[in-house]
Amino acid sequence: WGPEGWDWEEFAVPEDFGSKLPDCPIFMFQSVDDPEVPFTHLRIYQKRLPRAVARQVPGAEHSFVDGLPVLVDDIRGLLHSSSM
């Protein structure tokens, strides 16, 4: 789940969890100044999901309650590429 202080059993995932995911695009988003989750967690998951696209989002949002335009852009990009 994460580095020291974030090792909660109820959130644990197997070391090889990336190999169990379907063959589809994977995107990860994290605010650079997220007050809940240290930014270093994005790097941890990048190592475990090397084919995933990691997006660093400026600001201090955790839940992105005001939206996440970069996510919308990624979805549009996927839709555009699949229609070609």
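Quick note: structure is the one above.
Residues numbered from 1 in each chain as written. Predicted model: local features only at pLDDT ≥ 70, side-chain atom pairs only at ≥ 80, totals over all residues. Heavy atoms only, no water.

Enquirer: Lay out the pattern of salt bridges in plain terms, naming residues and giving numbers.
Expert: Here the structure, examined in full by the defined rule, presents 4 salt bridges. Between E15 and R48 there is a salt bridge whose closest N-O contact spans 3.1 Å. Here E15, found in the segment before strand 1 (27-31), pairs with R48, found in helix 1 (residues 40-48); they are 33 residues apart in sequence, far enough to count as distant. By relative accessible area, R48 is classed as partly exposed at 27%. (Salt bridge = Lys/Arg side-chain N within 4 Å of Asp/Glu carboxyl O. Helix = DSSP H or I, 4+ residues; strand = E, 2+ residues; numbered from the N terminus. Buried < 20%, exposed > 50% of the residue type's maximum accessible area, 1.4 Å probe, protein only.)

Enquirer: For a nonpolar patch on the surface, give the residues involved together with the corresponding values.
Expert: A contiguous nonpolar patch, built from L71, I75 and L79 and spanning about 260 Å² of accessible area, is present on the exposed surface. Tracing the chain through its elements places L71 in helix 2 (residues 69-82). (Patch = residues over 30% accessible without salt bridge, like charges linked within 9 Å, V, L, I, M, F, W, Y side chains within 5 Å. Areas by Shrake-Rupley, 256 points an atom, 1.4 Å probe, with all protein chains shown as cover.)

Enquirer: Give a detailed account of the pairing of strand 2 (residues 53-57), specifying residues and quantitative values.
Expert: Pairing analysis gives 5 bridges linking strand 1 to strand 2, with the strands arranged parallel. Looking across to strand 2, one finds that S31 is bridged to V57. Handedness of the crossover is the feature at issue here: the chain leaves strand 1, passes through helix 1, returns alongside strand 2, and the resulting connection is right-handed. (Pairing = 2+ DSSP bridges. Right-handed = clockwise from strand over helix to strand, strands pointing away.)

Enquirer: Residues and numbers for unusual backbone geometry, please.
Expert: A positive phi angle, close to 55°, is found at F64, a residue other than glycine. Summarising the element assignment, F64 is placed in the loop between strand 2 and helix 2. On the basis of relative accessibility, which here comes to 17%, the residue F64 falls in the buried class.

Enquirer: How would you explain the packing of aromatic side chains if you had to name every residue and give the values?
Expert: Throughout the structure, instances matching the rule amount to 2 aromatic pairs. Centre to centre, the rings of F17 and Y45 are 5.9 Å apart; their planes meet at 70°, and the pair counts as edge-to-face. Here Y45 lies in helix 1 and F17 lies in the segment before strand 1, a separation of 28 residues in the sequence. As far as burial versus exposure is concerned, F17 and Y45 are alike and both buried. Ring centres of F27 and F29 lie 6.4 Å apart, and the angle between their planes is 15°; on these two criteria the pair is classed as stacked. (Phe/Tyr/Trp six-rings, centres within 6.5 Å; stacked < 30°, edge-to-face > 60°.)

Enquirer: Give a detailed account of the side chain of Q30, specifying residues and quantitative values.
Expert: Relative to the helices and strands, Q30 is located in strand 1. Within the local environment of Q30, its side chain forms a polar contact with the backbone oxygen of V37, the two atoms lying 2.8 Å apart. A distance of 3.0 Å separates the side chain of Q30 from the backbone oxygen of P38, its partner in a polar contact. (Polar contact = N/O pair within 3.5 Å; in protein donor to acceptor, adjacent residues only side chain to side chain.)

Enquirer: So what's going on with helix 1? Residues and values would help.
Expert: Every buried residue of helix 1 is listed here: H41, L42 and Y45. Projection of helix 1 onto a plane perpendicular to its axis shows the buried side chains occupying an angular sector of 105°, all on one side. (Arc of directions from axis to C-beta.)

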